[in-house]
Amino acid sequence: MLTVQRVVLSSRPGKNGHPSPDNFRVEDTSLCTELKQGEILVRTLYLSVDPYMRCRMNDDTGADYLLPWRLEEVIDGGGVGVVKDSKNTQLAIGDIVTSFNWHWQTYDVIDGSSVEKVDPSMVDGHLSNVLGAVGMPGLTALLGVREKGHVIRGAGQTMVISGASGACGSLAGQIGRLDGCETVVGICGSDEKCQTLVSQLGFTAAVNYKKEDVSTALRNCCPNGVDIYFDNVGGPISDTVISQMNSGSHVILCGQISQYNKDVPYPPPLSKETQEALRCKNIIRDRFMVLNYMNKHKEGLELLSRWVKTGQVKVLETVANGIENMGVSFCSMMTGGNIGKQIVKISD
Ligand SMILES: NC(=O)C1=CN([C@@H]2O[C@H](COP(=O)(O)OP(=O)(O)OC[C@H]3O[C@@H](n4cnc5c(N)ncnc54)[C@H](OP(=O)(O)O)[C@@H]3O)[C@@H](O)[C@H]2O)C=CC1
Ligand SMILES: CCCCCC(=O)/C=C/[C@H]1[C@H](O)CC(=O)[C@@H]1CCCCCCC(=O)O
């Protein structure tokens, strides 16, 4: 038996509530490390906190592909770890593995078939990138832009990204630029974030929605209107962007984080004005879900890996330390405490 730490959901915030670190509890538990055929013992290296997890805190997630976390049970999500013992013919001690359903636990015994083996050279040994730029958020940015953005190289297009300094947004803007957008404008929640987007990631301009009048600032940054909108946040910010979009333009409906603490369906209903703007200007607003493009993931990860290795895409990350900080990190990410991908390092 091994004593390990895990995080359980101790209470729910309620569909209309803001999540709090008190909703999470860290506790010790005993793990039987005797393996059955096919099982592996893993040590957790990094865990991911992601916006969709807010929906898993409700007893009804509102999405058929999301299971609710159960009260008093260990939480799961994206994770990466190292194999410490194996009775699985496909996995050896020292292998790096990942899963979408990794338990928030320092060590675990799991079926080897429930994880994917990671090639550490894909991320130059920077294993947290498996949960970020060369993982689900990277694929979301890449496939979101390519499947729904309709970027045409040389056409002088303008792309706007909300939630622009986060895991998906910071990559989506860089990919828009690489794919040929002439102007790439980010919207995010601090001057420091705005400065980073422009000085480090090559965005044309950035708008601090907490300080500036978004409508005026966008008119200045996008004098020819908006052709592609990568929408991570929804709500009033998106209403404003959509009001400045050109005829025949495209909204990539990636996420609506500004509405996740409200009891509304996903995607949340739009105001009458915004529905009218979409209709009158024939704006295509397609919902995008990265999990619907599994057949494009392998090729996508290879491209993202190349871009990161060659420095064509820069990676931003905010790293917290220790399993006791999972709840705090999740709540911090939900309120803008992160720049780039929010990661929690669990062990070396
Ligand atoms: N469709 C898909 O397949 C996927 C969708 N997503 C979605 O993409 C979006 C971004 O996810 P991800 O990159 O992981 O997270 P981020 O790294 O972007 O972190 C969340 C960010 O959201 C911003 N934010 C929080 N509340 C608000 C608000 N009320 N208004 C505006 N901005 C807010 C904060 O930045 P700031 O300081 O700017 O406020 C915060 O840093 C989410 O909506 C998520 O659900 C993610 C993965 C896959
Ligand atoms: C209901 C709000 C969803 C908002 C959009 C979003 O953030 C979607 C994220 C998914 C994305 O398609 C890739 C993911 O990893 C997210 C979903 C993960 C599903 C894990 C399911 C685990 C389980 O519940 O069994």
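Note that the structure is a prediction, hence the values are computed from the model and not measured. Residue positions are given per chain, counted from 1 along the sequence in the order it is written. Labels are handed out in written order, letters beginning with A for the chains and numbers beginning with 1 for the ligands. The model is predicted, so local features are restricted to residues of pLDDT at least 70 and side-chain atom pairs to those at 80 or more, both for listing and for counting; the totals for chains, interfaces and linings are taken over all residues. With hydrogens and water stripped out, all remaining heavy atoms of the structure feed into the side-chain values.

Asker: Hey, could you run me through the environment of Asn-246 in this one?
Answerer: Where helices and strands are cited, they refer to DSSP runs of H or I of at least four residues and of E of at least two residues respectively, numbered from the N terminus. Mapped onto the fold, Asn-246 is located in strand E12 (residues 245-253). Along the primary structure Asn-246 and Ser-162 are separated by 84 residues, whereas in three dimensions their C-alpha atoms are 17 Å apart. In this analysis, two residues are considered to be in contact whenever any of their non-hydrogen atoms come within 4.5 Å of each other. Contact partners of Asn-246, with chain neighbours within four places excluded, come to Asn-224, Gly-225, Val-226, Asp-227, Lys-281 and Ile-283. A polar contact is formed between the side chain of Asn-246 and the side chain of Asp-227, at a distance of 2.9 Å. What qualifies as a polar contact is a pair of N or O atoms within 3.5 Å, subject to a donor-acceptor requirement within protein and to the restriction that residues adjacent in sequence count only when both atoms come from side chains.

Asker: Any chance you could explain the packing of helix H2 (residues 136-148) against helix H3 (residues 167-179) here in plain terms?
Answerer: The angle between the axes and the distance between the axes are what describe a pair of packed helices. Where H2 contacts H3, the axes come no closer than 8 Å and their chain directions differ by 40°. Accordingly, the angle class assigned to the pair H2 and H3 is oblique. Relative to H3, H2 is oriented so that their crossing is right-handed. Contacts from Pro-137, Gly-138, Thr-140, Ala-141, Leu-142, Val-145 and Arg-146 in H2 reach Ala-167, Cys-168, Leu-171, Ala-172, Ile-175 and Asp-179 in H3. Asp, Glu, Lys and Arg are counted as charged, while Ala, Val, Leu, Ile, Met, Phe, Trp, Tyr, Cys and Pro are counted as nonpolar; the rest, among them Gly, fall into the polar class. Tallied by class, the residues present in the contact of H2 with H3 amount to nine nonpolar, two polar and two charged. Note on method: axes are straight lines fitted to C-alpha atoms, helices fitted across the in-contact stretch only, with angles between N-to-C directions ranging 0 to 180 degrees. Throughout, the term roughly parallel applies to angles under 35 degrees, roughly antiparallel to angles over 145, roughly perpendicular to angles from 65 to 115, and oblique to all others. Left-handed is the label given to a crossing in which the near helix is rotated counterclockwise from the far helix by less than a right angle, and right-handed is the label when the rotation is clockwise.

Asker: Before we go on, may I ask you to explain the sheet that holds strand E9 (residues 183-188) in this structure?
Answerer: Sheets are built from strands paired through backbone hydrogen bonds, the pairs being either parallel or antiparallel. Strands sit in the order E10-E9-E8-E11-E12-E13 across an open sheet of six strands; the sheet is parallel. Edge positions in the sheet fall to strand E10 (205-208) and strand E13 (284-287), since each has one partner strand and no second. Here the average twist between neighbouring strands, direction ignored, is 15°. When DSSP locates at least two bridges between a pair of strands, those strands are taken to pair. As defined by bridge partners, strand E8 (residues 158-162) adjoins E9 across five bridges and the pair is classed as parallel. When the sheet's bridge partners are listed, Thr-158 is paired in E9 with Thr-183. Strand contacts of helix H5 (residues 214-221): E8, E9 and E10, with the helix running at about 165° to E9, the strand carrying the most contacts. Packing against the sheet, helix H6 (residues 235-243) makes contact with E8, E9, strand E11 (226-231) and E12, and its axis sits at approximately 165° to E11.

Asker: Mind showing me how you'd approach the environment of Ser-249 here?
Answerer: Inspection of the secondary structure assignment puts Ser-249 in strand E12. Taking C-alpha positions, Ser-249 is 9.3 Å from Leu-278, a pair spaced 29 residues apart along the chain. Not counting the four nearest positions on each side in its chain, Ser-249 is found in contact with Val-226, Asp-227, Asn-282, Ile-283 and Ile-284.

Asker: I'm lost on H6 in this one. Help?
Answerer: Note that an α-helix has 3.6 residues per turn; residues three or four places apart therefore point the same way. Burial in H6 covers these residues: Gly-235, Ile-237, Ser-238, Thr-240, Val-241 and Ile-242. On its buried face, H6 is in contact with E8, E9, H5, E11, E12 and helix H7 (272-280). Note on exposure labels: buried denotes an accessible area under 20% of the residue type's maximum, exposed denotes more than 50%, and partly exposed covers the range between, all computed with a 1.4 Å probe on protein chains only.

Asker: Could you clarify how one ought to interpret the site of ligand 2 in this entry?
Answerer: It suffices for a single heavy atom of a residue to lie within 4 Å of a molecule or strand for the residue to be listed as near it. Surrounding ligand 2, one finds 16 residues, the nearest of these being Tyr-65, Leu-67, Asn-101, Tyr-260 and Val-290. The contact in question runs from an oxygen atom of ligand 2 to an N or O atom on the backbone of Leu-67, over 2.8 Å. A 1.4 Å probe and the Shrake-Rupley method give the accessible areas. Residues count as covered only by the protein chains that appear here. In isolation ligand 2 has 630 Å² of accessible area, and contact with the protein removes 90% of it. Listed by contribution, the elements that provide at least two residues to the shell around ligand 2 are helix H1 (53-56) and strand E5 (96-103). The residue makeup of the shell around ligand 2, split by class, is 14 nonpolar, one polar and one charged.

Asker: Got a minute to help me understand the pairing of E5 in this structure?
Answerer: Looking down a regular strand, the side chains alternate between one sheet face and the other. In the sheet, strand E4 (residues 76-86) pairs with E5 via six bridges, with the strands oriented antiparallel. Across the sheet, Val-80 pairs through a bridge with Thr-98, a residue of E5. Pairing of E5 with strand E7 (residues 116-118) involves three bridges; the strand directions are antiparallel. Bridge pairing links Thr-98 to Glu-116 in E7.

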